[in-house]
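Listed here are the chains, written in short residue letters.
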Amino acid sequence: LENCGGGEFDMVLANMIVSEDLSIAAAAISLVGVTCSEGHEANVINDAIESMCISKDEGVLCAICYAGAAAKSLRTPHVLGVLESSLDKGKRLRRAALKSISGIPALALKHWSKIINGIDNKDKKTAEFASVTAIQAGLNAETLTLDSARKDVLIRAFRQLDEAGISPPSGSVTVSKD
């Protein structure tokens with residue numbers, strides 16, 4: 001948006017975000033997450049997203065999770081609240097929250113217990129997202145000073161991804177129980 005003269009589009013996007021058609025709202029929030037990840041900021045867009053944080057629509061809430069993860073400028077207290085509360089919701093929202101929180105290390109560490117509970121989830125996708133999030137959060141800590149319980153969680157997370165045939169997140173290291 002910055003390169004295209006974002007100010008011209010801000011009000012259009014804000015109006016789409018608060019659309020009564022929730023599929024349009026979710027799509028606009030997703031679009032804003034991608035475009036604002038490059039650094040574009042607009043109060044009118046942030047205000048519109050803030051107003052949608054009270055929505056009960058899963059599509060809208062998932063879009064808020066992903067947008068908040070993608071764009072730091074959108075990580076307002078209400079957006080972070082949606083991310084955090086989505087960890088306790090249904091499968092779709094929990095997956096969105098786990099995937100989104102993996103990119104926000106401080107939030108991942110805050111919700112460590114909920115993340116590690118997801119590693120053994122019966123739903124494979126939820127377990128995979130929880131594993132990636134645990135690995136990201138664990139590797140953002142001082143690996144050498146991790147206690148044995150946290151190392152065990154990371155080993156479980158790596159095994160879960162290995163069993164699913166998924167490569168660990170880029171930049172991750174091999175963890176041994178030594």
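Residues numbered from 1 in each chain as written. Predicted model: local features only at pLDDT ≥ 70, side-chain atom pairs only at ≥ 80, totals over all residues. Heavy atoms only, no water.

**Remarks on the overall build of the protein**
Step number 1: When its secondary structure is counted, the protein shows 10 helices and 0 strands.
Step number 2: Counting from the amino terminus, the protein carries its helices and strands in the arrangement α-α-α-α-α-α-α-α-α-α.
Step number 3: Residue burial in the protein is summarised as follows: out of 178 residues, 46% are buried. (Helix = DSSP H or I, 4+ residues; strand = E, 2+ residues; numbered from the N terminus. Buried < 20%, exposed > 50% of the residue type's maximum accessible area, 1.4 Å probe, protein only.)

**Topic: the pattern of salt bridges**
Proximity of charged atoms lets side chains of opposite charge pair with each other.
Step number 1: Tallying each qualifying case throughout the model produces 6 salt bridges.
Step number 2: For Arg92, the salt bridge identified is with Glu58, shortest N-O distance 3.8 Å. With Arg92 in helix 6 (residues 91-101) and Glu58 in helix 4 (residues 58-70), this residue pair connects regions lying 34 residues apart in the sequence.
Step number 3: Classification of Arg92 by relative accessible area gives partly exposed; the value is 46%.
Step number 4: Across the pair Arg95 and Asp123 runs a salt bridge, and its minimum N-O distance is 2.8 Å. Of this pair, Arg95 sits in helix 6 while Asp123 sits in the loop between helix 8 (112-119) and helix 9 (124-139), and the two are 28 residues apart along the sequence. (Salt bridge = Lys/Arg side-chain N within 4 Å of Asp/Glu carboxyl O.)

**Remarks on the nonpolar core**
Step number 1: Counting 50 residues, the largest nonpolar core has Ile17, Ile29, Val32, Ile45, Ile49, Ile64 and Leu74 as its most contacted members.
Step number 2: Here this core gets 7 residues from one element, more than from any other, and that element is helix 4.
Step number 3: Aside from chain neighbours lying at most four places away, what touches Ile64 is Ile29, Ile49, Met52, Cys53, Val79 and Val82. (Core = buried A, V, L, I, M, F, W, Y, C linked by side-chain atoms within 4.5 Å. Contact = heavy atoms within 4.5 Å.)

**Re the packing of helix 4 against helix 5 (residues 77-86)**
Step number 1: Contact pair helix 4 / helix 5: the axes reach a minimum separation of 9 Å and the direction vectors enclose 115°. In this structure, helix 4 crosses over helix 5, and the sense of that crossing is left-handed. Here Leu61, Ile64, Cys65 and Gly68 of helix 4 come into contact with helix 5, specifically with Val79, Val82, Leu83 and Ser86.
Step number 2: Split into classes, the residues belonging to the contact of helix 4 with helix 5 amount to 6 nonpolar, 2 polar and no charged. (Axes fitted to C-alpha atoms, helices over the stretch in contact; angles between N-to-C directions. Left-handed = near helix turned anticlockwise from the far one by under 90°. Nonpolar A, V, L, I, M, F, W, Y, C, P; charged D, E, K, R; others polar.)

**Examining the side chain of His40**
Step number 1: Mapped onto the elements of the fold, His40 is located in the loop between helix 2 (22-36) and helix 3 (43-52).
Step number 2: Judged by relative accessible area, which is 4%, His40 ranks as buried.
Step number 3: A polar atom in the side chain of His40 sits 2.8 Å from the side chain of Asp10. (Polar contact = N/O pair within 3.5 Å; in protein donor to acceptor, adjacent residues only side chain to side chain.)

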